[in-house]
Amino acid sequence: MTFKKLFISCTLLSTLASSVNAFAQPTVEIKTNKGIIVVELNQEKAPTTVANFLQYTKDGFYSGTIFHRVISGFMIQGGGMDKSLNEKTTRAPIKNEADNGLANTIGTIAMARTNDPHSASSQFFINVANNAFLNYTEKSERGWGYTVFGKVVKGMDVVEKISHLPTDGGDVPIQTVAIESVTLVTQAK
């Protein structure tokens, strides 16, 4: 191979690698007392939700919160209560983006909310089952669904372990599952 062909090949590979990295999504590490969960956020499909989650992350809001709701075969929920089950003060709720085409499948992360479709603030859950009934179907109170904004890329074994912990009968784990920190590992390009 001539030097010129080698240079062109290397240039093409470099350009291709740059264009792949241009679509890289932000990644966060959720450090718990049960292990580490790494989540890739989908900024393209859920920009408002990801920006909201990253702001809570940058503010250190999640440190000291817990996974306060654990249902085996369904999901684990956290990000809003301290170890004494006191709800933390949050920023204003955000617009529901569940109509983004992402589904509540195993390993996805989604926003928790009240009956008001646009009430999500800091709390999130990780699906341990394919929960199609949580997906968007229409712009109505019942049809809005729950916004998926990323997926677990490492530590699904930790999520599963948490989901199987014994609870008090009201879905609160008997053993405290502390979120020690949530940190941004990589930023979107």
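Residues numbered from 1 in each chain as written. Predicted model: local features only at pLDDT ≥ 70, side-chain atom pairs only at ≥ 80, totals over all residues. Heavy atoms only, no water.

### A short note on the sheet that holds strand S3 (residues 65-71)
For step 1, the next point in the chain: Sheet architecture is closed into a barrel: eight strands sit in the order S1-S2-S7-S5-S6-S4-S3-S8, paired in antiparallel fashion. If you compare each strand with its neighbour and ignore which way they point, the axes differ by 35 degrees on average.
For step 2, the next point in the chain: Here strand S4 (residues 75-82) pairs with strand S6 (residues 124-127) via four bridges, running antiparallel. Bridged to Met75 within S6 is Asn127.
For step 3, the next point in the chain: In the packing of helix H2 (residues 47-58) onto the sheet, contacts are made with strand S1 (27-32), strand S2 (35-41), strand S5 (108-111), S6, strand S7 (148-154) and strand S8 (178-186), and the angle to S8 comes to roughly 115 degrees.
For step 4, the next point in the chain: Taken strand by strand, helix H3 (residues 156-163) contacts S1, S2, S3, S4, S6 and S7, and its axis lies near 115 degrees from that of S2. (Pairing = 2+ DSSP bridges. Helix = DSSP H or I, 4+ residues; strand = E, 2+ residues; numbered from the N terminus. Axes fitted to C-alpha atoms, helices over the stretch in contact; angles between N-to-C directions. Contact = heavy atoms within 4.5 Å.)

### Some words on the packing of aromatic side chains
For step 1, the next point in the chain: Taken as a whole, this structure holds eleven aromatic pairs when the rule is applied.
For step 2, the next point in the chain: Joined through ring pairs, the aromatic side chains of Phe53, Tyr56, Phe61, Tyr62, Phe67, Phe124 and Phe149 make up one cluster.
For step 3, the next point in the chain: The ring of Phe61 has Lys88 lying over it, and the distance from NZ or CZ to the ring centre is 4.2 Å. (Phe/Tyr/Trp six-rings, centres within 6.5 Å; stacked < 30°, edge-to-face > 60°. Lys NZ or Arg CZ within 6 Å of the ring centre and 35° of its normal.)

### A few points about the pairing of S6
For step 1, the next point in the chain: Because side chains alternate across S6, one face comprises the buried residues Phe124 and Ile126, and the other comprises Phe125 and Asn127, equally buried.
For step 2, the next point in the chain: Pairing between S5 and S6: three bridges, direction antiparallel. Looking at S6, one finds that Met111 is bridged to Phe124. (Buried < 20%, exposed > 50% of the residue type's maximum accessible area, 1.4 Å probe, protein only.)

### A word on the pattern of salt bridges
It is possible for side chains of opposite charge to pair when their charged atoms get near one another.
For step 1, the next point in the chain: For the structure shown, the criterion picks out three salt bridges.
For step 2, the next point in the chain: The closest approach of N and O atoms between Arg91 and Asp59, which form a salt bridge, is 3.6 Å. Here Asp59 lies in the loop between H2 and S3 and Arg91 lies in the loop between S4 and S5, a separation of 32 residues in the sequence.
For step 3, the next point in the chain: Residue classification places Asp59 among the partly exposed residues on the basis of a relative accessible area of 49%.
For step 4, the next point in the chain: Between Asp99 and Lys139 there is a salt bridge whose closest N-O contact spans 3.7 Å. Residue Asp99 is located in the loop between S4 and S5, and its partner Lys139 is located in the loop between S6 and S7; the two are separated by 40 residues in the primary sequence.
For step 5, the next point in the chain: Among the residues examined, Asp99 registers a relative accessible area of 34% and is labelled partly exposed.
For step 6, the next point in the chain: Given the relative accessible area of 59%, Lys139 is considered exposed. (Salt bridge = Lys/Arg side-chain N within 4 Å of Asp/Glu carboxyl O.)

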